[in-house]
Every structure is written in C-alpha cells, then in structure tokens.
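# Survey of secondary and tertiary structure
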Amino acid sequence: MVGLKLRDQSAGTVPWSEPEADLLTRLLSQPGGLSQAEAELRLQQHGPNRLKRPAARGALRLFAAQFKSPLVLILVFAAVVSVATGDLLDASIVLAIIAAGAMLSFSQEYRAGRAVEQLLARIKLRADVLRDGRRAEIDAENIVPGDVLLLSAGSLIAADARVLEARDFFVNQAVLTGETFPVEKHAGVVAAGAALAQRTNWVLHGTNVRSGTAHALVVATGRSTTYGQVADRLALRAPETEFERGIRQFGTLLTQLMTLLVLAIFAANVAHARPVTESLLFAVALAVGMAPELLPAIISITLSRGAQRMARAGVIVRRLAAIENFGSMDVLATDKTGTLTAGVIRLDNALDAQGSPSEHVRELAWLNATLQTGLPNPLDEAIAAGPAPSAAECDKVEEIPYDFVRKRLSIAVRRRGDPAADMLLITKGALDPVLAICTDVRTATITLPLDDALRQSIRDRTAVWADAGFRLLALATRRMTRPPPYSAADESAMALEGFLLFFDPPKPDAAQSIASLRRLGVELKVITGDSHRVALHVAQAVDLPVRGVLTGSEMDNLHDEALWQRAERTTIFAEVDPNQKERIISALRRMGHVVGYLGDGINDAPSLHAADVGVSVDTAVDVAKETADFVLLEHSLVVLRDGIEEGRRVFANTMKYVYTTSSANFGNMLSMALLSVAVPFLPLLPKQILLNNFLSDLPAMAIAGDSVDAEMTERPRRWQVARIRNFTLGFGLLSSAFDALTFAMLLLVLQVAPEEFRTAWFVESLLTELAILLVVRTHGPMLDSRPSPGVLWSSVAVAAAAVTLPYLPWLAATFDFVPLPPYLMAMLLAITLGYVVANEWAKRHFQRRFGL
C-alpha cells in the first residue's frame with residue numbers, strides 16, 4: 001500500500017526533478033519494465049495498489065451503529081435509571097427488546113452489505129504495463145513501484161508515475177488540480193519545488209488520459225499517491241439524489257413531530273403527578289414507536305436486494321443510492337452503436353475519391369489502423385480484420401494520435417529497407433475534418449485541386465452513402481520530405497485519397513426494446529457524433545419515432561434557454577462533440593426530466609457524470625466505468641429495461657414502509673399520547689410499547705423482498721412530499737378515529753380495568769398496524785395482490801402472537817398482560833376488520849383524487 005521511500009524534497013531529489021536514469025536506478029527498474037517475478041515480490045512487499053476503500057463496516061461497528069439514535073440512547077439511559085431505582089424487571093425487559101431490535105436490523109444490514117461488496121468485486125480496473133519487456137494487461141491492484149504503464153486515450157491512471165516518453169499526451173487532472181482543460185505531459189525534468197499543476201512530467205493516480213500515448217514509470221501506489229494522501233477529503237458524498245433528499249426531509253419532519261410529542265407528553269404526565277422515570281420511559285417509548293427508526297435499514301436492505309436482482313439481470317450497481325433514480329428515469333440518452341445497432345462493425349468498402357472500389361485506399365487504411373497505438377476502436381478493428389496487403393512492407397516512423405477536437409489520426413510510414421525514401425503521412429478521420437486539411441484530390445490517373453465545386457460534389461456523393469446507413473471515414477496522404485517529429489500542424493496541404501464505408505446492422509430486438517421502454521414511460525433520445533443522415537437511417541430501421549433532429553453546429557447557435565425547449569422536442573442529436581453532449585443532458589434535466597445516459601467512451605465521461613443515472617458497459621474504457629452508476633455486463637436495451645423495472649420495484653417497496661409508518665404508527669401513537677393525559681393511568685406501559693414496536697418491525701423488514709404489482713412498474717415514479725403529507729393526514733386521522741372507537745368501547749361501554757385496557761389496546765394497535773401494511777402495499781384490493789411469503793407469513797405470525805400473548809402465563813406476567821374474555825377479543829377482531837374495510841375505501845378515494 002506504500003510506494004518506495006522517496007528522499008525528502010528539501011534534498012532536491014523528488015521524482016519529478018530527478019534525472020530519468022537516476023530514478024530508474026533508484027527504483028531498480030528499466031524502460032522495459034519489471035520482470036514478472038520481481039513484480040510479484042514487490043506486490044508482497046508493498047501490498048495491493050488500492051486506496052483504503054470505504055468497505056463494508058466490521059460486524060462490531062455495524063452492530064454499535066444500531067444504537068446511535070438519540071431516542072434509543074435516551075431509552076437506555078431511562079432504563080438504567082429504573083435499575084438504579086429498583087425497577088429491575090421492567091428495565092431488563094426494555095433493554096432486551098432494544099437489543100433484539102438492534103440484532104434484527106444488524107443481521108439484515110450485515111448480509112446486505114456483504115452482498116454488495118461481492119457484486120462490486122466483479123468490476124475490476126485493468127491496466128497495461130510492460131512485464132518482461134512485453135505488453136501485459138493486469139489488474140490495477142497489482143501495479144507496483146517500478147512498473148512501466150502504457151497509457152493511451154481513455155486510460156484511467158492507476159498510480160503516480162513519471163513520464164518516460166509521450167506523444168501528443170494530454171491528461172485530465174481536474175479532480176486534483178481543478179484545471180478546466182486537459183494538460184499536456186511530456187518527458188523531461190521539472191523543478192523540485194514545482195506546484196502540482198506545473199509538474200508536466202508527472203501523472204497522478206485518479207486522473208485520466210484525454211488523448212495521445214505515453215510510457216510512465218510508477219513511483220507511488222495506493223495511499224502513498226497524491227490522491228491516496230487526500231482520499232478521505234476527496235471522497236466526498238455524491239450529489240444527493242431526489243429520493244435521498246425526500247427520505248431525509250420525511251425523517252426530519254417525523255423527528256420534529258416526535259420531539260414535540262415527547263416533550264408535551266412528558267410534561268403532561270409529570271403535571272399529573274406521575275413518577276418522573278415512568279413518564280420519561282413512556283414518552284420516549286412512544287416516540288420510538290412513532291419514529292421511522294427502521295427507515296435506514298429498510299432502504300439499505302431494499303437497495304442491496306435490488307442490486308443482487310439487477311446483477312442476475314446483467315446490471316452491476318456501483319452506487320446503491322442511484323437505483324431509485326434508475327426507476328424514476330423518464331429519458332434515456334444513448335449513442336446508437338451497440339444499443340440500436342449490433343455493434344459489430346464491418347468494413348463494407350474502400351473507395352477512391354471518385355467512388356470506385358480501390359485496393360490502394362484499403363492498403364492505406366490498413367497501415368493507419370494497424371500501426372496506431374492509441375485507444376482501440378471498432379472501426380480500426382474492422383479495417384484490420386482483412387488480410388494484410390502488400391503495403392505491410394512499411395515501417396512506422398511517427399504517429400499523431402487521435403483526439404476529439406481534430407477527429408483525425410495520422411501515421412507516418414516509410415518503405416522497409418529504404419532509409420532514403422520519403423515518409424508518407426496517412427491521415428484518417430471524419431469527412432469534414434479531413435476535407436478541411438486537403439488541398440487536392442488524388443484519383444487513379446490524375447491529381448485535381450480541391451475547389452468549391454469538387455468539394456460540393458464530394459459532399460453530395462457521401463450524403464447518398466450516409467442516407468443508406470453507411471458510416472464514413474475519409475482518407476488523405478502527404479509526402480513528407482523532412483524527418484520527424486511531426487505534429488498536428490503537419491496535417492495540411494494533403495491529398496484526398498478516398499473513403500471507407502462501414503456498416504453496423506440494426507439489432508434484431510431493438511424495435512421491440514424501444515417499444516417496451518416507451519410502454520414504461522421512458523423516451524429514447526440518440527446523441528451521436530455520426531452524421532445526422534446515418535442516425536436518421538438507423539432510427540427508421542428500428543422504428544424509433546423521430547420528433548426532431550438537431551446537429552452540433554445548430555446547437556452552437558442556441559442559447560441555453562432555447563436549447564432547453566429544443567431538447568424537449570428533439571429525438572436525434574447528431575454530429576455533436578463531448579461538451580455538447582453534456583449540455584444536452586443538462587438541458588433535459590433543466591426541463592424536469594430524470595435523465596439516464598448510456599455511454600462507453602472517454603468522451604462520454606462528462607455526460608455520465610452530468611446525468612441523473614450514468615450507465616456504462618463492462619467493455620467500456622476505464623474512465624467511463626469509473627464514472628458510471630451502473631455497469632451493464634451486456635450492451636443491450638433489454639438489460640436496461642430490466643434494470644428500470646427493478647429500480648421501480650425498489651422504489652415501491654421503500655414507499656410501502658414510508659406509507660405504513662406515516663399512517664398507522666403516527667395515528668396510533670398520537671391517539672395514545674392524547675389518551676394518556678385524559679385517563680388516570682398510562683394507556684400502555686413503556687415495555688408494552690417497545691414490544692409492540694419490535695413485533696411490528698418483523699413484517700416491515702420483509703418489505704424489502706416483497707412482490708410489487710405490475711402497475712407500479714409501468715411508469716416513472718418520483719418522490720412527492722405533498723402526496724406523503726396528504727396520505728399521512730388522511731390515513732393517520734382515519735387510524736385515530738378507529739382508536740377513538742376502541743377507547744370508547746373499552747372505557748365507556750365495557751368499563752374495563754387498566755390492565756385489561758392495556759392488553760386489549762396492545763392487541764388492537766398491533767393488528768391494525770399489520771392491516772395497514774397489507775392494505776397500502778398494493779394499489780388494488782388487498783385480496784387481489786398476494787404478498788411475498790416473507791411479508792405474508794411474518795404478518796400471520798405476528799398477528800397470532802398478538803392474539804395469544806395474553807393467554808401465555810409467563811409472557812403475560814412479564815409484560816403485565818391479562819387474559820381477555822372471548823367477547824372482548826371478538827370485538828377487537830371486528831374493529832380490525834372494519835378498519836381494513838375503511839382503509840380500502842379510503843385508498844380508492846385517495847387514488848382517485850391524487851392518482852396512483
């Protein structure tokens with residue numbers, strides 16, 4: 001976990017200021033890297049190259065966290081006071097129930113945490129290094145000081161390293177330095193006192209390569225890196241999701257109500273000359289019964305189980321809190337390649353500038369594609385898939401790597417065995433960027449100047465190919481009479497040689513997947529760098545309804561406010577650059593949408609970060625996977641659809657607990673609080689309240705795995721504070737009305753004794769809480785929706801316990817229950833049945849007024 005010990009900076013020998021040869025000697029390395037045997041020894045010595053990951057908490061710490069609630073601590077304190085005053089039995093019962101509740105929550109959270117850790121371990125960062133003088137791909141955790149990294153566009157830099165050689169090498173290091181634009185890095189020596197942003201020969205762990213290639217010598221790994229030393233400060237919480245914010249506000253609201261209730265009830269009971277300790281225990285127990293103390297555990301368990309189900313469907317969750325956003329998503333933005341098309345690109349034809357098949361153009365393309373050392377891409381792979389042409393007898397002498405500004409890649413070659421021959425610069429790229437650097441057009445027999453008429457003729461010809469669905473690259477050359485090095489400035493005065501036509505067939509299931517997303521209320525928008533003609537052809541082939549098309553050049557002429565409106569009614573955004581992608585995402589979010597973005601390239605990282613839901617694929621570049629909230633094991637809209645449905649199930653199950661807590665708990669505890677100041681005895685003893693709360697927690701825990709009605713996954717759902725407030729008021733008051741009916745029957749009609757009242761009220765409040773859970777877990781009639789076995793049987797078990805507890809002598813004596821006459825138990829069951837019927841009616845009325 002530590003790098004090799006560096007000498008103190010004051011001695012002037014920090015790694016960025018050392019001569020390269022001295023640094024290699026000190027690290028016992030060489031430009032060809034380490035041997036595999038030496039690397040394994042260093043891995044044992046220094047440990048894995050990883051930061052101190054915020055892993056799952058240890059069992060003891062997680063168990064201790066169950067007691068961090070101020071209410072629980074106050075309750076423990078009050079129980080200790082009871083012991084000190086001689087009430088040992090009641091205090092022991094209270095403490096035992098608190099411990100049992102903590103153990104229940106702990107066991108579920110512990111298993112959930114371990115499951116998530118196992119899922120995250122399935123996605124490992126890889127790195128290219130030189131081992132035994134050869135390129136090797138290894139787990140980034142196995143990088144050691146002295147390794148030589150091979151970096152190219154898209155690489156996530158996994159250690160602090162000194163640049164040994166570089167070619168047009170730009171690094172995005174904003175995460176550490178805050179610099180807006182990528183910074184060029186190159187070999188050399190910089191001053192020992194250079195600031196972080198001025199170390200032009202130094203690359204940092206956690207940054208990523210924007211363009212170019214480089215070899216870099218690893219100096220520090222793990223927590224000894226610059227990133228590792230400040231990781232605790234840099235590992236800030238991700239932006240709060242809408243659901244997280246809603247849950248926090250809901251918890252705060254209930255906590256405020258609960259605090260006021262505790263203070264008022266405690267003061268009222270003390271004013272009635274009741275013992276202070278008893279009054280405090282009653283008030284705090286009442287608050288515990290009303291508080292959403294299980295909400296964090298319910299959310300954690302629900303998200304974990306959702307993540308496990310999503311993993312079985314081919315979606316790895318990197319950020320649990322984003323699952324609800326996945327379900328709330330109503331716009332999905334994606335490139336077409338691999339999503340709407342098969343992602344298996346083939347070179348359909350190589351044509352000269354006049355549109356005729358040309359083996360010469362194919363040979364030039366083959367050299368450019370096979371000799372480039374930058375980021376692998378499917379277009380170059382398609383070119384290289386063909387047989388090696390005779391031009392393979394050429395040696396590469398220079399490379400000008402691809403970047404997303406030029407949108408070109410150039411390779412300089414010279415015929416093998418002829419050092420006196422001129423170099424040939426071969427440039428391949430998008431049509432407009434290549435035409436922009438051409439002054440001539442070369443045909444099989446003649447070279448013509450590229451005038452406006454010929455330029456327009458070329459555009460007309462390529463437009464026909466684009467309309468037919470072909471993706472197009474242009475190819476140009478230039479004879480270089482001077483030796484390298486060459487730069488992007490040398491891409492000028494070139495001759496257009498011809499074109500490469502690629503075809504990526506539509507996915508057979510794309511149309512069906514798009515239709516299923518539409519049924520789920522998710523609109524698909526295509527954001528691509530390709531020609532708008534190609535994008536339109538693909539959209540038509542997969543039956544994607546197109547409401548509008550917007551190109552990158554048109555976007556440049558739109559102010560932000562105008563783009564917000566255009567983005568709303570646009571389906572295809574074509575010919576856009578990475579910054580424009582991010583601007584589109586922001587515009588859609590500004591219009592109130594929950595936006596998902598599916599991307600797998602380095603240019604997708606900003607958009608993945610800007611979206612509410614960032615989705616990448618397992619084959620994506622490192623920086624895209626690290627930025628995403630979800631990683632697909634298969635590049636498929638079908639997998640995405642399954643993930644969306646799972647996100648909605650997670651949301652639905654979380655809301656079941658919220659609705660149950662905000663209605664039954666609130667209503668019951670409010671009724672009990674008001675009654676406590678109206679009668680000369682406590683309606684329930686503190687230990688009875690806590691037992692009631694503990695038993696009702698059992699089916700609540702099972703909500704995480706409950707089945708969800710189909711209509712709950714048919715459209716996006718979002719956190720609605722007003723809806724929850726209205727639900728709490730309506731159903732809470734209904735609960736209080738039935739509480740009042742029960743109180744009237746027990747105190748005014750039957751005139752039962754305090755012990756019998758407490759027993760009857762314990763049974764009634766527990767049964768009604770189980771009933772409201774079964775009612776609100778479905779939007780339809782309760783009997784038409786079968787709960788999961790866990791919810792069903794835990795509810796049955798708790799209901800049976802509630803009814804039988806008064807008749808079990810030892811337990812009844814422990815909790816001060818008394819047996820109830822059969823007629824009284826029958827009355828309680830009748831009131832519970834009436835409560836169920838009333839809530840079913842109220843549910844239908846609520847849905848008609850406020851929607852499902």
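Up top you'll find the structure we're talking about.
Quick look at the structure, then. (Residues numbered from 1 in each chain as written. Predicted model: local features only at pLDDT ≥ 70, side-chain atom pairs only at ≥ 80, totals over all residues. Heavy atoms only, no water.)

## Describing a nonpolar patch on the surface
Quick note on the threshold: To count toward a patch, a residue needs a relative accessible area above 30% and no salt bridge. Like charges then connect within 9 Å, nonpolar side chains (Val, Leu, Ile, Met, Phe, Trp, Tyr) within 5 Å. Methods summary: accessible areas were calculated by the Shrake-Rupley approach with a probe of 1.4 Å, and residue burial reflects only the protein chains presented. Should a side-chain nitrogen of Lys or Arg be within 4 Å of a carboxyl oxygen of Asp or Glu, the pair is scored as a salt bridge. Exposed residues in this analysis have more than 50% of their type's maximum accessible area, buried residues have under 20%, and partly exposed residues fall in between, with area computed by a 1.4 Å probe over protein chains only.
Side chains of Leu748, Val749, Leu750 and Tyr823 sit close together on the surface and give an oily, nonpolar patch of about 430 Å² of accessible area. Tyr823 sits in the exposed class, given a relative accessible area of 54%.

## Quick notes on the nonpolar core
The condition is simple: By convention a nonpolar core is built from buried Ala, Val, Leu, Ile, Met, Phe, Trp, Tyr and Cys residues, the set being connected through side-chain atoms within 4.5 Å. Strands are runs of DSSP state E lasting at least two residues, helices are runs of H or I lasting at least four, and both sets are numbered from the N terminus onward. Residue contacts are counted whenever heavy atoms from the two residues lie within 4.5 Å of one another.
Among the nonpolar cores identified, the biggest contains 60 residues, and Phe326, Leu332, Leu340 and Phe630 are the most heavily contacted of them. Sort the elements by how many residues they give to this core and helix H24 (residues 637–676) lands first, with five residues. The contact partners of Phe630, leaving out residues within four places of it in the chain, are Met310, Val315, Ile316, Val317, Ala322, Ile323, Phe326, Val613, Gly614, Val615 and Ser616. Within the second largest apolar cluster, 59 residues are counted, among which are Phe651, Phe817, Tyr835 and Val836.

## Some remarks on the side chain of Ser696
We count it as follows: N or O atoms within 3.5 Å of each other form a polar contact, as long as, within protein, one can give a hydrogen and the other can take it, and as long as residues adjacent in sequence are counted only when both atoms are side-chain atoms.
Relative to the helices and strands, Ser696 resides in helix H25 (residues 686–702). Under the relative-accessibility criterion, Ser696 is labelled buried at 6%. Of note is the side chain of Ser696, whose polar atom sits 3.4 Å from the side chain of Glu769. If sequence neighbours within four positions are ignored, Ser696 has contacts with Leu766 and Glu769.

## Observations regarding the pattern of salt bridges
Counting across every chain of the model gives 32 salt bridges. Ionic pairing is found between Arg533 and Asp467, a salt bridge with its closest N-O pair at 3.1 Å. Remark: Asp467 occurs in helix H16 (residues 452–467) and Arg533 occurs in helix H18 (residues 532–541); sequence separation between them is 66 residues. Accessibility expressed as a relative area gives 33% for Arg533, which makes it partly exposed. For Asp467, a relative accessible area of 40% translates into the label partly exposed. Among the ionic pairs, Arg649 bridges to Glu646, the shortest N-O distance being 3.1 Å. Taken together, the positions of Arg649 and Glu646, both in helix H24 and three residues apart, correspond to about one turn of that helix. Here Glu646 falls in the buried class, since its relative accessible area comes to 4%.

## Thoughts on unusual backbone geometry
Following Pro484, the chain continues into Pro485 via a peptide bond in cis, with omega recorded as 15°. Along the chain, the position of Pro485 falls in the loop between strand E16 (471–480) and strand E17 (494–503). Although it is not a glycine, Ala493 adopts a positive phi angle of roughly 50°. Within the element layout of this structure, Ala493 appears in the loop between E16 and E17. Judged by relative accessible area, Ala493 falls into the partly exposed class, the value being 46%. You will see that Glu575, though not glycine, has its phi angle at about 55°, which is positive. Along the chain, the position of Glu575 falls in the loop between strand E20 (572–574) and helix H21 (578–590). Given a relative accessible area of 32%, Glu575 falls into the partly exposed group.

## So, the sheet that holds strand E23 (residues 630–632)
We count it as follows: The rule for pairing is simple: two strands pair if DSSP sees at least two bridges between them. Angles shown run from 0 to 180 degrees and are taken between the N-to-C directions of axes, each axis being a line fitted to C-alpha atoms and, for helices, limited to the stretch in contact.
Strand order in the open sheet formed by eight strands is E8-E23-E22-E21-E9-E18-E20-E19, with mixed pairing between adjacent strands. Since the sheet does not close on itself, it has two edges, and those belong to strand E8 (315–317) and strand E19 (549–551), each with one partner. Taking each pair of neighbouring strands and ignoring which way they run, the sheet shows an average axis angle of 20°. Two strands pair when backbone bridges link them, and strand E21 (residues 595–598) and strand E22 (residues 613–617) are joined in this way by three bridges, in the parallel orientation. Across the sheet, Leu598 pairs through a bridge with Val615, a residue of E22. Taken strand by strand, H18 contacts E19 and E20, and its axis lies near 150° from that of E20.

## Brief notes about the environment of Phe502
Topologically, Phe502 is positioned in strand E17. Exposure remark for Phe502: the relative accessible area of 1% places this residue in the buried category. Between the C-alpha atoms of Phe502 and Ala382, which are 120 residues apart in sequence, the distance is 8.3 Å. Setting aside anything within four residues of it in sequence, one finds Phe502 in contact with Ile345, Arg346, Leu347, Asp348, Leu379, Ala382, Ile383, Gly469, Phe470, Arg471 and Leu473.

## Overview of H21
Our working rule: Here a helix's expected span is defined as the number of its residues, less one, multiplied by 1.5 Å.
Here H21 contains 13 residues, and its C-alpha end-to-end distance of 19 Å stays within 8% of the 18 Å for a straight helix at 1.5 Å per residue. Within the span of H21, buried status applies to Pro578, Gln580, Lys581, Ile584, Ile585, Ala587 and Leu588. Positive phi appears at Gly592, one or two residues downstream of H21, with a value of about 95°.

## Details of the packing of H25 against helix H28 (residues 789–804)
The condition that has to hold: In what follows, roughly perpendicular refers to angles from 65 to 115 degrees, roughly parallel to angles under 35, roughly antiparallel to angles over 145, and oblique to any angle outside these ranges. Three classes are used, and their members are as follows: Ala, Val, Leu, Ile, Met, Phe, Trp, Tyr, Cys and Pro are nonpolar, Asp, Glu, Lys and Arg are charged, and the others, Gly among them, are polar.
In contact at an axis separation of 8 Å, H25 and H28 are set at 170° when each is read in the N-to-C sense. The orientation of H25 relative to H28 falls into the category roughly antiparallel. Contact with H25, carried on its side by Leu695, Leu698, Pro699 and Ala702, involves Gly790, Val791, Ser794, Ser795 and Val798 of H28 and no other residues of that element. Split into classes, the residues belonging to the contact of H25 with H28 amount to six nonpolar, three polar and no charged.

## Description of empty space enclosed by the protein
Applicable threshold: A cavity, in this analysis, means grid points on a 1 Å lattice covering only the protein atoms where a 1.4 Å probe fits yet has no way out; a pocket is instead an open set bounded by protein on both sides within 12 Å along at least five of seven lines, and a residue lines either one if it has an atom within 4 Å of a point. Grid points are joined across faces, edges and corners, and a volume is the space filled by probe spheres set on the points.
Taken as a whole and assessed by the stated rule, the structure comprises four cavities of 30 Å³ or more. Within this model, the second largest cavity holds a volume of roughly 90 Å³. Around the second largest cavity, the lining comprises 14 residues; the ones closest to its centre are Lys336, Gly469, Arg471, Phe503 and Asp504. At the level of secondary structure, the elements contributing two or more residues to the lining of the second largest cavity comprise E17 and H18. Looking at the lining of the second largest cavity residue by residue, the classes come out as seven nonpolar, three polar and four charged.

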